[in-house]
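Commentary on secondary and tertiary structure
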Amino acid sequence: MPAGSIRTTLLCLLLAALVGCGFTLRGAGGPMALNSVSLEAGRPDGVVRTLRQQLTALGVNTQPDRDDSYTLTLDNEQREARRTTQNTGTRGAQYELTLSVDVTLSLGDNVVAGPRNLEVQRDQDEDISNLTSSGGERALLYADMERELADQIVQQLRTVQPAAGGMPQ
């Protein structure tokens, strides 16, 4: 049997084993039960922009024209950088970055879930010799944190049934 054929067979067996044990790629949790949700926030960037992109990619209308749709409110998005260690020059050598947002889901005037504070943390090592790259690294870390928060919100929205509503506590 040719080597390429053996590799293909082994790859197929590996993929079949992964699928059989319930493995799915991150964000591939199946279709959304909600087909529209009004997305409201104090600022249009950050987590809100990322969440809107993810919901749109999943086929969810984020600007419905009906008043009876769910409203997802993201409020009080905060970014914090706290120094955790110092180097010999007393300049920050490592920071703990925190991104948090308050999330509330409502249907009409009724609050279905929340408000709940979601947060994500990352550590950043600061390169004293190259502060420009440290600033770029921080921006990339915050972008990754925005995606993670948006993923958390989408996963919770997947559990909402249009008739009953509610996010898990």
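Provided above is the structure to which this section pertains.
The residue numbers shown here count from 1 along each chain, following its written sequence. Per-residue local features of the predicted model are confined to residues with pLDDT of at least 70, and side-chain atom pairs are confined, for both listing and counting, to 80 or more; whole-chain, interface and lining totals are unaffected and use all residues. No hydrogens and no water enter the side-chain calculation; it runs on all heavy atoms of the structure.

Some words on the nonpolar core
How we decide: Put simply, a nonpolar core is a bunch of buried Ala, Val, Leu, Ile, Met, Phe, Trp, Tyr and Cys residues held in one set by side-chain atoms that sit within 4.5 Å of each other. We call a residue buried when its accessible area falls under 20% of the maximum for its residue type, exposed when it is over 50%, and partly exposed in between, using a 1.4 Å probe and counting protein chains only. The secondary structure listing takes helices from DSSP runs of H or I that are at least 4 residues long and strands from runs of E that are at least 2 residues long, numbered from the N terminus. We call two residues in contact when some of their heavy atoms are within 4.5 Å.
Residues Leu51, Leu55, Leu72, Leu74, Ile153 and Leu157 are the most contacted members of the largest nonpolar core, which totals 30 residues. Looking at this core, the element that brings in the most residues is helix 3 (residues 131–157), giving eight residues. Here leucine 72 is in contact with Val37, Ser38, Leu39, Glu40, Leu51, Val103, Thr104, Leu105, Ile153 and Leu157, once residues within four sequence places are set aside.

Observations concerning the packing of aromatic side chains
Any pair of aromatic rings gets described here by the distance separating the centres and the angle formed by the planes. Threshold: In this scheme Phe, Tyr and Trp rings, the latter by its six-membered ring, pair at centre separations within 6.5 Å, and the angle between planes marks the pair as stacked below 30 degrees, edge-to-face above 60, and tilted otherwise. Two conditions define a charge sitting above a ring: the NZ of Lys or the CZ of Arg must be within 6 Å of the ring centre, and it must be within 35 degrees of the ring normal.
Counted by the stated rule, this structure contains zero aromatic pairs. The side chain of arginine 79 reaches across the aromatic face of tyrosine 142, ending 4.8 Å from its centre. Over the aromatic face of tyrosine 95 sits the side chain of arginine 138, whose NZ or CZ is 4.8 Å from the ring centroid.

Re unusual backbone geometry
Backbone geometry follows two general trends: most residues other than glycine have a negative phi, and most peptide bonds adopt the trans configuration. Phi is positive for asparagine 76, which is not a glycine, with a value near 60°. With respect to the element layout, asparagine 76 can be found in strand 2 (residues 70–86). Judged by relative accessible area, which is 39%, asparagine 76 ranks as partly exposed.

Brief notes about the environment of threonine 71
Within the secondary structure, threonine 71 is located in strand 2. Taking the C-alpha atoms as reference points, threonine 71 and aspartate 109, separated by 38 residues in sequence, lie 9.6 Å from one another. If we skip the residues at most four places from it in the chain, threonine 71 touches Val37, Ser38, Glu40, Thr104, Leu105 and Ser106.

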